[in-house]
Structure formats: C-alpha cells, structure tokens
Amino acid sequence: MARDPKHDILFQPIQIGPKTLRNRFYQVPHCIGAGSDKPGFQAAHRSLKGEGGWAAMNTEYCSIHPESDDTMRLSARIWDEGDVRNLRAMTDEIHKYGALAGIEMWYGGAHAPCLESRCTPRGPSQYASEFETLSYCKEMDLAEIAMVQQYYVDAAYRARDAGFDIVYVYGAHSYLPLQFLNPYYNKRTDKYGGSLENRARFWIETLEKVRKAVGSDCAIATRFAVDTIYGPEQIEIEVDGMKFVEMADPLVDLWDVDVGDIAEWGEDAGPSRFYQQGHQVPWTRFVKQVSKKPVLGVGRYTDPEKMTEIVTKGFADIIGAARPSIADPFLPKKIEEGRYDDIRVCIGCNVCISRWEIGGPPMICTQNATAGEEYRRGWHPEKFPKAQTKDSVLVVGAGPSGAEAARVLMERGYTVHLYDKAEKIGGHLNSVVTLPGLGEWGYHRDYRETQIAKLIKKNKDCVLALGQKPMTADAVLQYGAEKVIIATGSSWNTDGTNCLTHAPIPGVDASLPDQLTPEQVLEGKKPIGKRVVLLTSDTYFMAPSLAEKLATAGHEVTIVSGTHLANYMHFTLEYPNMMRRLHELGVKEIGHHFCSRVERGRLEVYNIWGDGSKRSYRGPGVSPRDANKSHRWVEFDSLVLVTGRHSDNALYNELKSREAEWAQNGVKGVYVIGDAEIPRLIADATFSGHRIAREIDAATPQYPLPYKREVAVWGAAHMPGGEFKIEYKV
Ligand code: ADP
Ligand code: SF4
C-alpha cells in the first residue's frame, strides 16, 4: 500500500546549518542506559532507527566534564578520548544509513550530584537542587563562567572528532543554560543576572563559542524549555521564552523546544494518563513566530495525521520523538510505505523512563520488547530468525505475554494455536484500560491483535481460539501440540496476602459482599458502598487508579497504605499529577498504616512504625521490640484489597507434576511465561513472551540464553578489539 500523499510533507528534506536532514523524523535525545560506557548498546539502539527511516538520532544527555556527573543515573560522557572512541561506534553505524548523529552536550549544575567524580558542580548562584537529594552547587565567579564555557567548546571539538553532525548546547530540563536564564535559579547581580539580557548572556556566549569552534562542520542545536510551566515566577513563553528565541536565533541552526523543568519533567515527557499527543503545542507553537531557523517539537507523536498537521499548520518543521521511536524504531518507514496498521504505537506509560529514573539499567519498553536488546541479545524488532523445527506450539492465555509469544512464533514460521477463555486478546489489559486515563494502553493489545490476524491470514495452520472453555491439564495433554506455553496471568490476592507480613490478613475474604479485589471492582458486578477504604501495599498504579475511579463515581475514598503509595509512579513521572488528582477528588490517605484484621464493616489499622525504636533480646517467643499499641478501627461500607498479586499457575504446576505423561501425548516441553511465572510489569510480561518465542528451539527454553555483556575485564582490553559488529539474529 502506498502512503497517503498528504503525508509527503513529512518526507521532505530540510537544511540545518551545514547538514541536511533527509526527512522530518528526528529522534530527540533520550536516555537508554547506554551512555558512552556501553558502546555496542548505544550504537545498535540508535543506528537501528536509521534503518527504520529516522533522519537523525541523538545521544542521551552527554556530560561535557566530570563536574557534571549524574551517577547513580547513567548519562553519556564526552570527557576524553576514550569516550570519543566509544561514541564513534554510534556515529559510524548511524552514518551507514545516511542519517545524522547528534550529541546533547550537558552540564547539570546542582542537578548532577557528582557522586562518582566528587567534583564540585557549579551554577549561576548557589541553590539546593529540588530534584536531587542533598545536592548544592557553587556560584561561579567570572573566571569560572569562562572556564565552564570552555568545557563546552572542548567537548564540542571532541564531539566533532567522534563524528557527530549535530552539537547541542542543552538548556532544557533546568540544566545549566536554563539555570542562568531562569530567575528561579539565577540570583546574580552582575552582568549574568537580573535583566533578561543579562540572564541570557551565559547561553548566548556559549553558543557563540561553540559555533565558532565547530559551527562550520556541525549543525548547532539548542534544546530550550520555552515555558517552565510555573507561571510568572519563571520562564513563560510569551515573556522571556520568545524573546530569548529571538536573541539566540542567529546562533542556532536548529531549535529543539519543549516545556517544563527537571523536577516535574513529566510535563515534557507527558504520560498518556494525563496528556495526549501534541500536548506541548499550545506553548511551543509560538517559537516559529519569531525564529527563522528550523524548529522541532515533541509530544508523543505517533499518528501521521497529527504530525502532518503540526508541519502544515506551521507549529514546527520537524517531528521530534523519543518514546514513539523506542516503541517503533521503524515508524518513519512504515508511514513512508503506507503500512499504517503495522505501527507499534507508544502507549505513553513511561516505563522506558522509569528505568533511567531508577538509576540506569537498560531501558525497557512495554510495546517493544526488543528495545535495549538490539546489541546484547541481537534482537531486531522487525526481523526474526526462521523456525528451526516443525513443532507446533499451543499458547494458553492471550494476555500481553501470550499474545506476544504467539505473534513472534508466528513471525518465525511456527504453527501456533493461541487459546483463551476470554473473548478478546489482551488479558488483564482489557480491564486496566478502563481505568481513568489508561485508554491508550490498549494500543498494546491492538498491535498484537492486528498482527496476529495478519499472520494467521498468511499461515492458515495458525489458530486464534478465543471464548473457549478454560483449558485443563488433560485438555493440554490431548491437544496435539508439541510445545506448550502457559501464559495464564495473575490475580489480585483475595485474602490480604501482602509484601509486609507475607501472610493473609485475618478476616479478609473477597468472597464476602463488602470486600472486593481490583478485578471485582472493574467487573462492576458487586455493589460498592458510599464509604470505601482501599487497603494497599502495592506500589504502582492500581491503588491510586481505583481511588480515582471510585472517587469520581461519588464514593468517599480513604486509602490505607503500608508502603509508599504509588512509589513506582515517581519513576514513570506520573506521581505529581496523580497526587494532584487525588487531592482534587478529596481522597484521604492514612499513610504508614497497615491492617491487622477485618470485621464486618471495619478494619483494624496500625502504624507500621508503632513497635518501638529500640530492640533487645527478650528470649524466645517474645518480640525484641515493644508491642505495637497504635491499633485503631476504621469503618467502611466497602473494602477494596490492593495488597498484592499471585501467579495463576495451577495449570502449569499440574502439567509439570504430570511430566511422565508428556512423551506419550507427543508433548516435548511445557513452559510458563508472563505473570503466570511472576507478576510483574506489562513490559516484563511482554518481554517474557517475546524471549521464549525467540528461544523456543534452544535446549532449555524456560531459561534465558546468556547475552553479550559490555564490561571491563581485569587484565584484558576494556572492550573487544577488531572490527565493531552488530549481529542481529535473523
Ligand atoms: P500476562 O500479563 O502474563 O500476559 P494476563 O493476566 O494479562 O497475563 O492474561 C492471562 C490470560 O490467560 C487471560 O486472558 C485469561 O483469560 C487467560 N487464561 C487464564 N487461565 C486460562 C485457562 N485455564 N484457559 C484459557 N485461558 C486462560
Ligand atoms: Fe512508549 Fe511505554 Fe514504550 Fe516508553 S515504555 S516507549 S512510554 S510504550
């Protein structure tokens, strides 16, 4: 199918300084956990997008000097010749696809705590970071300003030597240039503080110096948060924002604009729970009114219609994307070829970001299980190794893990039967997407539904069997499949079992009329009373989402939480707005409390810290701490139990216990994946399905094959020598 001609505009080249972007698809800088320490990962992840049609790919934030060290998070670094060499692997690979490579030169000020380098971060004034714990910076004197500007220049030379085409002076997300511009940080009274002209001076001078150094070889880009979204106290687009663009415009070849700051950078990388595609346009659209240079903006653009509108309406010239390029590295190619229904649409869950926020393990993606696995596992998102046997595979459970396993096995050419008692592919996601704001998570299911339907059309031996009788062990053994994958998922605990006591809670029983699991709430069959208590020790989205849903429906909701409520949502950047939403709805929280027992209409709660700060040995049978006397009763009409999950593994366990019967039934192997193995993130369940499908012909498919590690080895060269190679298993 050819693409719609109205999308042609997205494929027009555009000049940025001395370089040409071959089209309007641009992977903005984003973290992946590779930096310059894992050159193979870095090179493979970025260059793959070149193969997928993107015109440019950037590093993540790339430190220019040890004074900007973000350990325990993982940034790239361009401190020395070693970094130049490692990053060259990335630029060389990108250039093979005719795309451009960009580097986001970064100096963090107090937001980079220098835990590894133990250097002193410097800033416009001394302030304590609102983002990083216990991190201050030193106010620069004039000599130090010149010194830090020289760091940018030296780094720019190294970047050019590493083969970068686009060199950024990065000033979004409250990093150094924006700290000078923003009076929230800049309290100076000399020529670098006060008036806009003075506050802009550091940034403008740095751009001038970097441009003078490498501007004839490289395009000079700057990333600018044109509105920090805090109102008149800080940067507002129609006040300082547009004026700064006008001032710096002659020095810039490419404007990469966004909104927000670092403490709440979820206002930029907006989760779909709160923000739709293009949510930054009301702010960033002003930039084109004052700039004569190409402008790019981000906003989780996955829809070619929306992208086309952005360009034709003159809101931006180039479509910037981080998450859409992770979820589908082949997004431009698929649009170019008119393969719109093959696009793996980013669901906006921010799980990719969560890994960087946790501290730099490789990025993962809910939609794209191959993200981060390009180099170390040799996984290509669009190419699959051919089936090595003629074994047929039965997959029981069409949730995220089962559907992904079936899809990849079908891609490989296996004959697959995907079987579920439910009427629809998607498993637990089908109810999760009905929670407030989570509708876009349904793209995960939709992608697999569409692809499986297409693959079944190609291979008539493959079957999608939905709305079936629950599969039993007898039925599996008699089914006639050689390999069986059990993907039966998990359920919320009905007896209060939780991560604090590892035991049921006396009196908790979801079969009673006034107690409900999340599934029961979502099913909507059990009546729910006015006063709802939601008991939780889970730390992700279910408790706050149900609280929002029930409070919106008019219930009085109190959350009793024994763990940090919604803690994981800090990492997905959903936390601040989630808390604002619960506040708006009048949801109450009894924090640091858990439940000791439940009676009809009331639960006994206790302060989890109520058992005395001193411990002493008091003999066997006696707690070394004081008795917790903080217990009190809280009344409810309905009690919702978000205490924890358990794997639905009865089918797998029975099949395992009947291993002696496998051979006589022609069964060669039975495996368990996804939440049925352990309850985890949807991204993990998807990965688990993807992995087993790729490794089904290995000796022990249940257990992952080793992957390539990029580590320093004592006594050996730091990295393998010889020719650099990315090897996809196809
Ligand atoms: P995961 O996240 O691991 O993919 P889900 O809980 O989302 O798991 O999906 C599990 C799927 O398995 C659900 O669609 C459910 O209907 C299905 N399922 C569970 N047990 C059986 C069974 N015995 N027979 C058929 N389908 C089952
Ligand atoms: Fe999009 Fe979620 Fe994948 Fe991130 S993890 S790219 S937000 S689908």
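Quick look at the structure, then. Just so we're clear, the structure is a prediction, and the values are computed from it rather than from any experiment.

### A few points about the pairing of strand S14 (residues 392-396)
Line of reasoning, step 1. S14 sits mainly inside the fold: five of its five residues count as buried.
Line of reasoning, step 2. On S14, burial covers both faces: Ser392, Leu394 and Val396 on one face and Val393 and Val395 on the other are all buried.
Line of reasoning, step 3. Where S14 meets strand S15 (residues 415-419), five bridges bridge the pair, whose relative direction is parallel. Paired with Leu394 across the bridge in S15 is His417.

### Remarks on the site of ligand 2
Line of reasoning, step 1. Arg323, Ile326, Ala327, Cys346, Ile347, Gly348, Cys349, Asn350, Val351, Cys352, Cys365 and Thr366 make up every residue found near ligand 2.
Line of reasoning, step 2. Counting residues per element, the ones that place at least two in the shell around ligand 2 are helix H10 (323-327) and helix H12 (351-358).
Line of reasoning, step 3. The element that contributes the greatest number of residues to the shell around ligand 2 is H10, accounting for three residues.
Line of reasoning, step 4. Of the residues assigned to the shell around ligand 2, the class counts are eight nonpolar, three polar and one charged.

### Concerning the environment of Ser75
Line of reasoning, step 1. Checked against the element boundaries, Ser75 lands in the loop between strand S4 (56-63) and strand S5 (76-77).
Line of reasoning, step 2. On the basis of relative accessible area, Ser75 is assigned to the buried category, the value being 8%.
Line of reasoning, step 3. Taking C-alpha positions, Ser75 is 32 Å from Ser545, a pair spaced 470 residues apart along the chain.
Line of reasoning, step 4. Aside from chain neighbours lying at most four places away, what touches Ser75 is Gly35, Ser36, Glu60, Tyr61, Ser63 and Trp106.

### Considerations on helix H22 (residues 682-694)
Residue pairs three or four apart in sequence face the same way in an α-helix, which turns once every 3.6 residues.
Line of reasoning, step 1. A rise of 1.5 Å per residue sets the reference length of H22, with its 13 residues, at 18 Å; its end C-alpha atoms lie 18 Å apart and thus fit the reference within 8%.
Line of reasoning, step 2. The buried fraction of H22 is high, at twelve of 13 residues.
Line of reasoning, step 3. Taken residue by residue, H22 has Ile682, Ala683, Asp684, Ala685, Thr686, Ser688, Gly689, His690, Arg691, Ile692, Ala693 and Arg694 as its buried positions.
Line of reasoning, step 4. Those residues of H22 that are buried are in contact with H12, helix H13 (400-412), helix H14 (429-432), helix H15 (442-458), strand S17 (483-486) and strand S28 (669-672).

### With respect to the nonpolar core
Line of reasoning, step 1. By size, the foremost hydrophobic cluster in this structure holds 103 residues, and its most contacted members are Tyr152, Val210 and Phe224.
Line of reasoning, step 2. Counting residues per element, this core draws most heavily on helix H5 (residues 196-214), which supplies nine residues.
Line of reasoning, step 3. In contact with Phe224, other than residues within four places in its own chain, are Ala172, Leu178, Leu181, Trp203, Ile235, Gly241, Phe244, Val245, Trp255, Asp256, Val257 and Asp258.
Line of reasoning, step 4. Judged by nonpolar contacts, the second largest core, of 39 residues, contains Ile347, Leu522, Val557 and Leu681.

### Section: the pattern of salt bridges
Line of reasoning, step 1. One pass over the structure, following the stated rule, counts 62 salt bridges.
Line of reasoning, step 2. Across the pair Lys6 and Glu305 runs a salt bridge whose closest N-O atoms are separated by 3.3 Å. Within this pair, whereas Lys6 is found in the segment before strand S1 (14-16), its partner Glu305 is found in helix H9 (residues 304-312), the two being separated by 299 residues in sequence.
Line of reasoning, step 3. By relative accessible area, which is 44% here, Lys6 ends up partly exposed.
Line of reasoning, step 4. For Glu305, a relative accessible area of 36% translates into the label partly exposed.
Line of reasoning, step 5. One salt bridge connects Asp328 with Lys334, and the closest N-O pair in it is separated by 2.8 Å.
Line of reasoning, step 6. Sharing partners across several salt bridges, the network here consists of Glu337, Arg339, Asp341, Asp342 and Lys454.

### Let's talk about the pairing of strand S10 (residues 219-227)
Line of reasoning, step 1. Taking burial as the measure, the nine residues of S10 include nine buried ones, the bulk of the element.
Line of reasoning, step 2. With six bridges joining them, strand S9 (residues 166-171) and S10 adopt parallel strand pairing. Residue pairing in the sheet places Gly171 in a bridge with Phe224 of S10.
Line of reasoning, step 3. Pairing analysis gives six bridges linking S10 to strand S11 (residues 254-259), with the strands arranged parallel. Counterpart to Arg223 in the pairing with S11 is Asp256.
Line of reasoning, step 4. Considered for its hand, the β-α-β crossover made up of S10, helix H6 (residues 237-248) and S11 is right-handed.

Calculation criteria
Residues numbered from 1 in each chain as written. Chains lettered and ligands numbered in written order. Predicted model: local features only at pLDDT ≥ 70, side-chain atom pairs only at ≥ 80, totals over all residues. Heavy atoms only, no water. Buried < 20%, exposed > 50% of the residue type's maximum accessible area, 1.4 Å probe, protein only. Helix = DSSP H or I, 4+ residues; strand = E, 2+ residues; numbered from the N terminus. Pairing = 2+ DSSP bridges. Near = heavy atom within 4 Å. Nonpolar A, V, L, I, M, F, W, Y, C, P; charged D, E, K, R; others polar. Contact = heavy atoms within 4.5 Å. Expected span 1.5 Å × (residues − 1). Core = buried A, V, L, I, M, F, W, Y, C linked by side-chain atoms within 4.5 Å. Salt bridge = Lys/Arg side-chain N within 4 Å of Asp/Glu carboxyl O. Right-handed = clockwise from strand over helix to strand, strands pointing away.

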